[in-house]
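These are the residues of each chain, in order.
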Amino acid sequence: MQNPIFLETLQGRPTSRPPVWFMRQAGRVLPSYLDMRSRYSFWELMSNPSLAAQVTLLPVHDLGVDAAILFSDILVIPYAMGMGLDFTDHGPKFDKPLKDYDNPLEALHPDPSKLEYIYKAIDEIIKTRPDNTPLIGFAGAPLTVLCYMLEGLSSKSNFVQAIAFLYQNKSLVRKLIEVVTDLTIEYATRQIEHGIDAFQLFETHGGILPFDVYQEMFYPSIQKIARAVRNKGIKFIYFPKDIGSGLSTITPELCDFVSVDWQTPITEARKLVHPGVGLQGNLDPRLLFAGQKDIENELVKYLEFGKNEHQWIFNLGHGFLPGIPFENAKYLVEWIKSANWRRQ
Ligand code: CP3
């Protein structure tokens, strides 16, 4: 059987078109997901291996994407450290955020066995996936995970309390980064042992700190996670959202592919990022609320870019948003798969 196009691209081999998948492709826009979600809570879907496997594969069946991403959440790591967590209608919420403890380190009790259900879901996906569809495993990067752990909930105010805490307690935060990094490495390693084909690290709040502060405090942990993943022979995709000119610091030592947000045009990103690192991205997800003609007008730029750029995976600049019409998502996949990319 032919190697899937997503893995060919990750391995640096030329293909006739870019592979396509989307962040948040399972749990936001698919009618089939919304139907399951009306019967089960998010926790139920995620923690039952058979349901999690079904949801993971929905976008492969319904949208025709070239890879599946494990249906789970980045906050399973703090949960496995004993932090009580609820997914409410307003986003995730921890019972007691770390900023409210006198000694936050003492509040954390990493227990890797609390992640076992996720490895069972991976086994189930691998048993039931069609045509060897590649499976992407993932985790959150330490800054993004710590934002939620420190502040306690998803915040519309730029995690003011979490970031103030970080500036006030840098040496403690360095220790917290270490604890999160260690469990993340164990988690990534186990995902790989259960058969994931690639690994993505989500630094969704990468732009929340001045880049020099981010780089100094967090790059060592990204490098550590990257090394652990690549030592096991798996390609490492890093998504440092909103780091802007920080893209010029992305080198092959850090990752194999970098996922780019929509603010930086893909052609600019190509100039900033080291030529040895592939790109993923970066359509503005809000474009999918517009008409199909408007979508096509923007895609033409990508056609030009993708003609000569084989080290590129098509994706959004961030995830699907609730309410995006399913037909537009489907149109996008079909457009990418059927366009004439004029590749030699
Ligand atoms: O297709 C997929 O959805 C793949 C699985 C996945 C989820 N979360 C499921 C989920 C992935 C890859 C994530 C990552 C994640 N989770 C990130 C990083 C990437 C990103 O999208 O920004 C972050 C920051 C989180 C934390 C989180 N989980 C938030 C802020 C929220 C609420 C807002 C939102 O995005 O919906 C969640 C809940 C969540 N995670 C849902 C799903 C399907 C919605 C739950 C529901 O159906 O009610």
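For the structure, see preceding data.
Just so it is clear, the model here is predicted, and its values are computed rather than measured.

With parallel pairing, 7 strands are arranged side by side in an open sheet as β1-β4-β5-β6-β7-β8-β9. Each edge of the open sheet carries a strand with a single partner, namely β1 (68-69) and β9 (312-316). Here 3 bridges tie strand β7 (residues 257-259) to strand β8 (residues 278-283), and the two strands are oriented parallel to one another. By the bridge assignment for β8, Phe 257 is matched with Gly 278. Contacting β5 (198-203) and β6 (235-240), helix α11 (residues 211-231) runs over the sheet at an angle of about 155° to β6.

Right, let's get into the site of the ligand. Lining the immediate surroundings of the ligand are 22 residues, of which Arg 24, Ala 26, Tyr 33, Asp 73 and His 318 lie closest. In the environment of the ligand, an oxygen atom lies 3.4 Å from a nitrogen or oxygen atom belonging to the backbone of Gly 27. A distance of 2.6 Å separates an oxygen atom of the ligand from a polar atom in the side chain of His 318. In this structure, the ligand is accommodated by the largest pocket. Those elements that provide at least two residues to the shell around the ligand are α2 (31-39) and β3 (91-94). When its residues are assigned to classes, the shell around the ligand shows 11 nonpolar, 7 polar and 4 charged.

Before going further, it helps to spend a moment on unusual backbone geometry. The residue after Gly 281, namely Asn 282, is reached through a cis peptide bond having omega -10°. Here Asn 282 shows up in strand β8. Phi at Arg 342 takes a positive value of approximately 50°, unusual for a residue other than glycine. Along the chain, Arg 342 turns up in the segment after α14 (326-338).

Two side chains that carry opposite charge are able to pair once their charged atoms sit near each other. Going through the model one piece at a time under the given rule, you end up with 20 salt bridges. Here Glu 124 makes a salt bridge to Lys 127, at a shortest N to O gap of 3.6 Å. Taken together, the residues Glu 124 and Lys 127, both in helix α7 (residues 116-128) and 3 residues apart, mark about one turn of the helix. You can call Glu 124 partly exposed: its relative accessible area is 23%. Residue Lys 127 is classed as exposed on the basis of its relative accessible area, which comes to 66%. Between Asp 284 and Arg 286 there is a salt bridge, with the nearest N and O atoms lying 2.9 Å from each other. Connected via shared salt-bridge partners are Glu 116, Arg 190, Glu 193 and Lys 232.

Next up on the list: the packing of α7 against helix α10 (residues 170-193). α10 packs onto α7 with a crossing angle of 25° between their chain directions and a minimal axis gap of 10 Å. Relative to α10, α7 is oriented roughly parallel. The interaxial crossing formed by α7 with α10 has right-handed handedness. Residues Glu 116, Ile 118, Tyr 119 and Ile 122 of α7 pack against Glu 186, Tyr 187, Arg 190 and Gln 191 of α10. When the residues that make up the contact of α7 with α10 are grouped by side-chain class, the tally is 4 nonpolar, 1 polar and 3 charged.

What counts, and where the lines are drawn
- Residues numbered from 1 in each chain as written.
- Predicted model: local features only at pLDDT ≥ 70, side-chain atom pairs only at ≥ 80, totals over all residues.
- Heavy atoms only, no water.
- Pairing = 2+ DSSP bridges.
- Helix = DSSP H or I, 4+ residues; strand = E, 2+ residues; numbered from the N terminus.
- Contact = heavy atoms within 4.5 Å.
- Axes fitted to C-alpha atoms, helices over the stretch in contact; angles between N-to-C directions.
- Near = heavy atom within 4 Å.
- Polar contact = N/O pair within 3.5 Å; in protein donor to acceptor, adjacent residues only side chain to side chain.
- 1 Å grid on protein atoms, 1.4 Å probe; cavity = no way out; pocket = protein on both sides within 12 Å on 5 of 7 lines; lining within 4 Å.
- Sits in = over half its atoms within 2 Å of the grid points.
- Nonpolar A, V, L, I, M, F, W, Y, C, P; charged D, E, K, R; others polar.
- Salt bridge = Lys/Arg side-chain N within 4 Å of Asp/Glu carboxyl O.
- Buried < 20%, exposed > 50% of the residue type's maximum accessible area, 1.4 Å probe, protein only.
- Parallel < 35°, antiparallel > 145°, perpendicular 65-115°, else oblique.
- Left-handed = near helix turned anticlockwise from the far one by under 90°.

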